[in-house]
There are 4 protein chains.
Amino acid sequence: MAKALVTYYSRTKHTKKMAEIIADNIGQAGHEVTLAPVADLNVDDLPAFDGIVLGSPTYYGVMAGPMKEFIDQSVKYHGQLAGKLGAAFASSGNVGGGNETTVLSLIQALLIHGMLVLGDAEGDHYGPVSIGAPDERAEGECQRFGRRFGQFLTRLFPA
Amino acid sequence: MAKALVTYYSRTKHTKKMAEIIADNIGQAGHEVTLAPVADLNVDDLPAFDGIVLGSPTYYGVMAGPMKEFIDQSVKYHGQLAGKLGAAFASSGNVGGGNETTVLSLIQALLIHGMLVLGDAEGDHYGPVSIGAPDERAEGECQRFGRRFGQFLTRLFPA
Amino acid sequence: MAKALVTYYSRTKHTKKMAEIIADNIGQAGHEVTLAPVADLNVDDLPAFDGIVLGSPTYYGVMAGPMKEFIDQSVKYHGQLAGKLGAAFASSGNVGGGNETTVLSLIQALLIHGMLVLGDAEGDHYGPVSIGAPDERAEGECQRFGRRFGQFLTRLFPA
Amino acid sequence: MAKALVTYYSRTKHTKKMAEIIADNIGQAGHEVTLAPVADLNVDDLPAFDGIVLGSPTYYGVMAGPMKEFIDQSVKYHGQLAGKLGAAFASSGNVGGGNETTVLSLIQALLIHGMLVLGDAEGDHYGPVSIGAPDERAEGECQRFGRRFGQFLTRLFPA
């Protein structure tokens with residue numbers, strides 16, 4: 001059993017809903033999951049997690065400001081997150097509206113922390129995206145993503 | 001009246017269809033438009049255009065190989081395209097499948113040629129994207145994009 | 001004479017130094033330039049500018065949090081910046097440290113505002129980057145970038 | 001002992017030199033390494049590798065055409081590379097010339113294949129970059145990157 005964090009910023013609840021589905025499916029894979037809005041998270045908690053999943057709405061093509069501020073604070077533990085498993089997801093107002101570049105902005109931060117970032121050969125390749133409120137397609141992507149993240153956590157951090 | 005090029009790579013005809021709508025709408029804005037698959041295009045023709053629009057399907061998150069090969073050849077005219085107007089579009093198999101990063105891979109090439117790249121405050125911000133065959137939404141984006149590209153061509157290259 | 005804004009976030013003064021050189025050279029091209037740290041800028045001032053240049057240090061591969069917060073606030077004028085001229089620059093701690101992706105994160109925001117973004121066929125293609133304090137190379141890039149931005153402002157916004 | 005591939009496209013030998021250092025250091029970590037220019041590689045060989053490292057010069061901000069053509073061919077094994085370890089590197093003509101975006105274009109392809117991509121908290125975060133011929137700094141980055149890639153191969157594919 002590994003320790004996973006799913007943290008997100010959300011105003012419209014779309015990203016929050018995605019986070020809940022992802023956290024639930026990581027948990028079902030047998031891991032201890034912490035689900036928290038980024039505002040409730042203490043940066044000092046970060047080093048304790050084996051896997052970190054970040055989610056944000058799409059604000060001007062990258063993550064929202066509050067998520068960026070949190071990532072900037074994480075410099076306190078720079079180097080200590082290396083080798084952990086990371087992944088990201090995003091919601092956006094419309095197709096072609098920047099959701100992929102938002103996911104990639106989060107992935108860039110995870111790579112710079114020296115983490116292993118998990119892609120997907122099926123579906124939403126960089127990480128789940130939702131156009132507006134998660135529909136059936138987006139919910140399915142979040143489920144599959146959570147299960148998959150859980151499987152790789154098990155592989156990387158065997159009991 | 002300015003000279004515009006809309007060039008694309010397309011196997012499924014999805015990108016081709018987008019290119020046709022875009023070219024048609026640039027033409028309706030009063031410009032002379034050349035519409036050509038990238039395979040029929042001679043790199044020596046590039047310097048004659050005032051505006052260049054590139055389209056590609058999403059192959060592994062960036063433009064398709066044949067479009068990349070053409071862009072690599074364009075180094076022959078490096079510097080001579082500076083200040084021209086550029087923009088890009090892409091099709092992809094699914095939402096979150098890499099269409100935005102494909103558009104951005106094309107935009108990066110246009111920026112490196114020193115061109116002016118046109119974004120959009122509405123709709124598909126980096127350039128039109130289609131999920132599979134262009135549906136009504138994607139066709140509308142291509143129409144609006146073509147008209148808008150035509151307007152900025154007029155502004156940048158007044159008669 | 002057009003109105004240009006050069007705004008930046010800077011703690012080490014590296015980005016500030018770049019901003020000063022850029023602002024100076026846009027001014028020498030005959031434009032009215034406002035140079036301001038992002039903390040001193042009121043988002044309500046944005047619509048008055050014809051050209052906007054954004055600069056940031058590289059924090060985890062994209063712009064710093066305070067610059068992101070400002071960009072998020074700029075949604076108040078979404079659509080009103082369309083057609084303005086935009087460009088970006090960044091400093092970073094080292095080569096390969098994320099400066100290009102930081103410039104691109106700023107460019108994405110400018111494109112989503114519907115602006116025209118200026119690339120460069122020479123030198124730092126997406127916008128000037130400095131590794132640590134600006135050295136002679138980086139200062140030269142900032143000078144050339146400022147002059148070039150000024151030239152395109154004149155072209156887009158003739159008296 | 002895992003099986004690793006280091007493949008590259010290179011005309012000036014800069015990228016080739018980086019590939020040699022990386023392959024050498026992965027080998028020193030105890031793995032079986034295949035080092036090959038992409039032109040000599042058969043796409044049918046891909047599924048046999050546990051780790052794949054891709055290198056390219058910077059051509060218009062993304063990987064060179066021949067590397068892109070190879071990646072496009074790799075669709076034949078789409079899904080079969082999921083869970084393998086991946087990473088990328090690039091050379092470029094100058095600082096700010098597109099080397100980071102080239103590395104990221106390769107990383108995007110690896111993520112879309114469902115691979116685990118390894119970032120770095122030190123040095124060249126997304127993967128090693130060289131400005132022109134690899135200097136002492138770039139060579140050191142390639143050495144560290146090769147060793148690190150080897151360590152994670154061991155962790156992911158224990159004997």
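Residues numbered from 1 in each chain as written. Chains lettered and ligands numbered in written order. Predicted model: local features only at pLDDT ≥ 70, side-chain atom pairs only at ≥ 80, totals over all residues. Heavy atoms only, no water.

Describing the overall build of chain A
- From N to C terminus, chain A includes four helices and six strands.
- In sequence order, chain A lays out its α and β elements as β-α-β-β-α-β-α-β-β-α.
- In terms of overall dimensions, chain A has a C-alpha envelope of 40 × 30 × 25 Å along the principal axes.
- Every one of the 159 residues in chain A was classed for burial, and the buried ones make up 66%.
- Long-range contacts, defined as pairs at least 24 residues apart, comprise 80% of the intrachain contacts of chain A with a sequence gap of at least 6.
- Charged side chains of chain A number 13 positive and 17 negative; the gap between the two group centres comes to 2 Å. (Helix = DSSP H or I, 4+ residues; strand = E, 2+ residues; numbered from the N terminus. Buried < 20%, exposed > 50% of the residue type's maximum accessible area, 1.4 Å probe, protein only. Contact = heavy atoms within 4.5 Å. Lys, Arg positive; Asp, Glu negative; His and termini not counted. Charge placed at Lys NZ, Arg CZ, Asp CG, Glu CD.)

Details of the relation of the copies chain C and chain B
- Between chain C and chain B, which share one sequence, the superposing operator has a rotation angle of 180 degrees and an axial displacement of 0.0 Å; the RMSD is 0.0 Å. Here the transformation between the copies is reduced to the relation of a two-fold axis. In terms of C-alpha distance to the rotation axis, chain C has Val 117 of chain C as its closest residue, with the C-alpha 2.5 Å off the axis. (Least-squares fit on C-alpha atoms with pLDDT ≥ 70 in both.)

Topic: the relation of the copies chain D and chain B
- Overlay of chain D on chain B (RMSD 0.0 Å): rotation 180 degrees, translation along the axis 0.0 Å.
- When you check the interface residues of chain D against chain B, 100% turn up at the interface there too, and the contact is symmetric in its surfaces.

With respect to the interface of chain D and chain B
- Each partner contributes residues to the interface: chain D has 22 residues there, and chain B has 22 residues.
- Contact between chain D and chain B buries roughly 1,600 Å² in total, counting both sides, with carbon and sulfur atoms accounting for 62%.
- In this structure, the connection of chain D to chain B is made through zero salt bridges.
- On the surface where chain D and chain B come into contact, there are 10 residue pairs in polar contact (both at pLDDT 80 or more).
- Within the residue set of the side of chain D that touches chain B, elements represented by two or more residues are helix H2 (65-73) and helix H3 (99-112) of chain D.
- Considering each element in turn, the side of chain D that touches chain B owes the most residues, six residues, to H2 of chain D. (Buried area = accessible area lost by both parts, 1.4 Å probe. Salt bridge = Lys/Arg side-chain N within 4 Å of Asp/Glu carboxyl O. Polar contact = N/O pair within 3.5 Å; in protein donor to acceptor, adjacent residues only side chain to side chain.)

Describing the packing of helix H1 (residues 14-28) of chain C against helix H4 (residues 136-156) of chain C
Residue and element names in this part refer to chain C.
- With their axes 7 Å apart at the nearest point, H1 and H4 run at an angle of 40 degrees to one another. Here H1 is positioned oblique relative to H4, judged by the angle of their axes. For the element pair H1 and H4, the recorded crossing hand is right-handed. Touching Lys 17, Met 18, Ile 21, Ile 22, Asn 25 and Ile 26 of H1 are Glu 139, Cys 142, Gln 143, Phe 145, Gly 146, Arg 147, Phe 149, Gly 150 and Leu 153, all from H4.
- Residue classes in the contact of H1 with H4 are distributed as eight nonpolar, four polar and three charged. (Axes fitted to C-alpha atoms, helices over the stretch in contact; angles between N-to-C directions. Parallel < 35°, antiparallel > 145°, perpendicular 65-115°, else oblique. Left-handed = near helix turned anticlockwise from the far one by under 90°. Nonpolar A, V, L, I, M, F, W, Y, C, P; charged D, E, K, R; others polar.)

Things to note about the interface of chain C and chain B
- Counting residues at the interface gives 26 residues for chain C, matched by 26 residues for chain B.
- A buried area of about 2,000 Å², summed over both sides, lies between chain C and chain B, and 65% of it is on carbon and sulfur atoms.
- Of all residues in chain C, Leu 111, Leu 116 and Arg 155 of chain C give up the largest surface area on contact with chain B, accounting jointly for 27% of the area buried on that side.
- Summed over the shared surface of chain C and chain B, the number is zero salt bridges.

A closer look at the pairing of strand S3 (residues 51-57) of chain D
Residues and elements named next belong to chain D.
- Of all the seven residues making up S3, seven are buried; the element is thus mostly covered by neighbouring parts of the structure.
- Burial of S3 is two-sided: the residues Gly 51, Val 53, Gly 55 and Pro 57 facing one way and the residues Ile 52, Leu 54 and Ser 56 facing the other way are all buried.
- By the bridge criterion, five bridges tie strand S1 (residues 3-8) to S3 in an arrangement that is parallel. What sits directly across from Thr 7, in S3, is Leu 54. (Pairing = 2+ DSSP bridges.)

Description of the confidence of the model for chain A
- Summing up the model confidence of chain A, the mean pLDDT is 97 and the portion of residues at 70 or higher is 100%.
- Confidence metrics for the complex model read pTM 0.97 and ipTM 0.97. (pLDDT = per-residue confidence, 0-100.)

Points about the packing of aromatic side chains
- If you walk through the whole model with that rule in mind, you get eight aromatic pairs over all chains.
- Measuring from centroid to centroid gives 6.3 Å for Tyr 9 of chain B and Tyr 59 of chain B, while their planes differ by 85 degrees, and the two rings are edge-to-face. Separated by 50 residues along the polypeptide, Tyr 9 of chain B in the loop between strand S1 (3-8) and helix H1 (14-28) and Tyr 59 of chain B in the loop between strand S3 (51-57) and helix H2 (65-73) bring together distant segments of the chain. Exposure class is identical for Tyr 9 of chain B and Tyr 59 of chain B. Each is buried.
- Lying across the ring of Phe 157 of chain D, Arg 155 of chain A places its NZ or CZ 5.1 Å from the centre. (Phe/Tyr/Trp six-rings, centres within 6.5 Å; stacked < 30°, edge-to-face > 60°. Lys NZ or Arg CZ within 6 Å of the ring centre and 35° of its normal.)

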